[in-house]
Amino acid sequence: MLKTRAEAFAPASIANLGVGFDILGLALDGAGDVVEAEWRDDGQIVIAEIRGDEGKLSHDPQKNIVGIAAQALLGQLHSKRGVTLRLKKGLPLSSGLGGSAASAVAAVMAVNGLLEKPLAREDLLAAALEGEAAVSGYHADNVAPSLFGGIILANGITIDRIHRLPVPSDLHLALVTPNVEVPTAQARAVLPSTVPLRQLVRQTGAVADLVDAIHCGDVVRMARAMEADEVIEPARAHLMPYIDEVRHEAKLNGALALVIGGAGPTLCAVCQRWDIAESVALAMRRVYDRHGLACQMRHTTVSAQGAQLLTTHL
Ligand code: HSE
């Protein structure tokens with residue numbers, strides 16, 4: 001039966017996992033974005049409300065990720081109907097927590113929830129990617145984990161290139177997000193356009209090592225491989241306030257590795273126990289406290305679930 005209103009949640013995600021630039025990502029348990037969708041008969045896409053963005057996001061459906069993603073899904077369905085969308089941002093903007101991907105994924109999940117015969121989750125990937133692409137280009141390392149949950153190898157943007165990897169049982173993450181925005185476009189603009197062959201060999205070796213360690217459930221080896229990034233982090237580190245100090249404190253408190261979350265500025269420490277992740281998160285926050293920079297911290301695990309339809313109304 002056709003629904004009138006549906007609400008969906010999509011989780012935060014950490015892209016890259018250090019060396020896996022644009023191809024690896026994981027969904028985080030806890031925070032995320034929520035989108036409510038409601039049919040309208042005039043064929044328009046209307047963004048009626050955005051909360052939690054401090055007024056920074058455009059309500060223009062051609063410019064806002066949720067509008068673009070919803071439009072892409074309705075286009076895919078050859079639907080003439082429109083939707084009213086309401087977005088609740090649970091994730092800070094330009095923070096490296098996959099906020100734009102979460103918005104796009106929540107939008108397509110919500111619109112899908114309105115359908116008489118909802119599409120399979122796999123069929124929502126392309127429309128969600130359209131939304132994300134408006135902000136950071138076509139790569140699925142945030143969208144795919146947010147949609148499907150777990151740890152994802154996204155070696156392309158079509159469903160046949162998306163592979164779910166096993167989640168090591170003792171993988172815990174401590175995250176700290178300083179109160180500065182690092183737009184993805186800016187963090188991509190500083191990257192080198194070429195890398196020397198020897199560096200390429202080491203970088204691809206580290207990616208292979210990381211994927212193998214994930215399959216073996218070996219968090220220690222996973223952490224070492226993640227941190228072996230010679231290409232992306234060195235180019236971006238200057239955009240991440242106090243990254244060296246935060247890494248030092250994280251490791252003093254038991255973290256195995258620290259990487260930039262996506263395009264930053266969130267920093268993500270890899271830990272083997274919940275209590276260690278908790279004390280690492282606190283230690284990382286103290287660094288920003290010392291420098292008078294506000295931040296948010298959390299410690300969490302990988303979300304196995306991905307996006308969820310929360311409610312529907314007939
Ligand atoms: N892989 C992307 C990047 C994630 O690091 O630029 C952010 O969109």
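Residues numbered from 1 in each chain as written. Predicted model: local features only at pLDDT ≥ 70, side-chain atom pairs only at ≥ 80, totals over all residues. Heavy atoms only, no water.

### Some words on the packing of helix α1 (residues 65–76) against helix α2 (residues 99–114)
Two elements in contact, α1 and α2, have axes separated by 8 Å at closest approach and are oriented at 40°. One way to sum up the angle between α1 and α2 is to call them oblique. For the pair α1 and α2, the sense of crossing is right-handed. Here Ile65, Val66, Ala69, Ala70, Leu73 and Leu74 of α1 lie close against α2, whose contacting residues are Ser100, Ser103, Ala104, Ala107, Val108, Val111 and Asn112. Looking at the contact of α1 with α2 residue by residue, the class counts come to 10 nonpolar, 3 polar and no charged. (Axes fitted to C-alpha atoms, helices over the stretch in contact; angles between N-to-C directions. Helix = DSSP H or I, 4+ residues; strand = E, 2+ residues; numbered from the N terminus. Parallel < 35°, antiparallel > 145°, perpendicular 65-115°, else oblique. Left-handed = near helix turned anticlockwise from the far one by under 90°. Contact = heavy atoms within 4.5 Å. Nonpolar A, V, L, I, M, F, W, Y, C, P; charged D, E, K, R; others polar.)

### Thoughts on the environment of Lys89
Note on placement: Lys89 falls in the loop between β4 (82–88) and α2. Lys89 gets classed as buried once you look at its relative accessible area, which sits at 11%. A distance of 2.4 Å separates the side chain of Lys89 from the side chain of Asp33, its partner in a polar contact. (Buried < 20%, exposed > 50% of the residue type's maximum accessible area, 1.4 Å probe, protein only. Polar contact = N/O pair within 3.5 Å; in protein donor to acceptor, adjacent residues only side chain to side chain.)

### Section: the domain arrangement of the chain
Segmentation of the chain into domains returns domain 1 (5–166 + 303–313) and domain 2 (172–300). Placing a centre on the C-alpha atoms of domain 1 and another on those of domain 2 gives a separation of 24 Å. Contacts between the two partners involve 27 residues from domain 1, matched on the other side by 36 residues from domain 2. Contact between domain 1 and domain 2 buries roughly 2,400 Å² in total, counting both sides, with carbon and sulfur atoms accounting for 67%. Its largest share of buried area at the contact with domain 2, domain 1 owes to Val19, Phe21 and Ser94, together 25% of the area lost on that side. For Lys56, the salt bridge goes to Glu181, with nearest N and O atoms at 2.8 Å. (Domains from an automatic or database assignment. Buried area = accessible area lost by both parts, 1.4 Å probe. Salt bridge = Lys/Arg side-chain N within 4 Å of Asp/Glu carboxyl O.)

### A short note on the site of the ligand
The local shell around the ligand holds 13 residues, among which Asn16, Asp22, Asp141, Arg188 and Arg236 are the closest. Arg188 is positioned such that a nitrogen or oxygen atom in its side chain is 2.6 Å from an oxygen atom of the ligand. In this structure, an oxygen atom belonging to the ligand sits 2.8 Å away from a side-chain N or O atom of Arg236. Mapping the shell around the ligand onto the domain boundaries places at least three of its residues in each of domain 1 (5–166 + 303–313) and domain 2 (172–300). (Near = heavy atom within 4 Å.)

### Points about the pattern of salt bridges
For the coordinates displayed, the defined rule picks out 23 salt bridges. Put simply, Arg51 and Glu49 hold a salt bridge, and the shortest N to O gap is 3.0 Å. When salt bridges with common partners are traced through the structure, they connect Arg5, Glu36, Glu38, Glu49, Arg51 and Arg86 into a single cluster.

### Details of the sheet that holds strand β8 (residues 257–260)
The antiparallel open sheet is built from 4 strands, whose spatial order is β8-β9-β7-β10. The open sheet terminates on both sides in strands that have one partner only, identified here as β8 and β10 (295–300). The mean inter-strand angle of the sheet, taken between neighbouring strand axes irrespective of direction, is 20°. Here strand β7 (residues 172–178) pairs with strand β9 (residues 267–271) via 5 bridges, running antiparallel. Directly across from Ala174, in β9, lies its bridge partner Ala269. In the packing of helix α7 (residues 219–226) onto the sheet, the strands contacted are β8 and β9, and the crossing angle to β9 comes to about 150°. (Pairing = 2+ DSSP bridges.)

### As for the environment of His238
Its place among the elements puts His238 in the loop between α8 (232–236) and α9 (243–252). Judged by relative accessible area, which is 59%, His238 ranks as exposed. With 48 residues separating them along the chain, His238 and Val190 place their C-alpha atoms 9.9 Å apart. In this structure the side chain of His238 is engaged in a polar contact, spanning 3.2 Å, whose partner is the backbone oxygen of Ala235.

### Re the side chain of Arg236
Structurally, Arg236 can be placed in helix α8. Despite being buried, Arg236 has no salt bridge partner; Asp22 is the closest side chain of opposite charge, sitting 6.3 Å away. In terms of polar contacts, Arg236 uses its side chain to reach the backbone carbonyl oxygen of Ala187, at 2.7 Å. If sequence neighbours within four positions are ignored, Arg236 has contacts with Asn16, Phe21, Ala187, Arg188, Val190, Leu191, Ile260, Gly262 and Ala263. (Lys, Arg positive; Asp, Glu negative; His and termini not counted.)

### Digging into the side chain of Glu7
Mapped onto the elements, Glu7 comes out in strand β1 (residues 5–15). A distance of 3.2 Å separates a polar atom in the side chain of Glu7 from a polar atom in the side chain of Lys88. For Glu7, the contacting residues outside a window of four places in its chain are Val34, Val35, Glu36, Lys88, Gln308, Leu309, Leu310 and Thr311.

### What to know about the packing of α9 against helix α10 (residues 274–290)
One can describe the packing of α9 onto α10 by two numbers: an axis separation of 8 Å at closest approach and a directional angle of 145°. In the crossing of α9 with α10, the sense of the turn from one axis to the other is right-handed. Where α9 abuts α10, its residues Glu245, Val246, Glu249 and Ala250 lie against Val280, Ala283, Met284, Val287, Tyr288 and Arg290. For the contact of α9 with α10, the class distribution of residues is 7 nonpolar, no polar and 3 charged.

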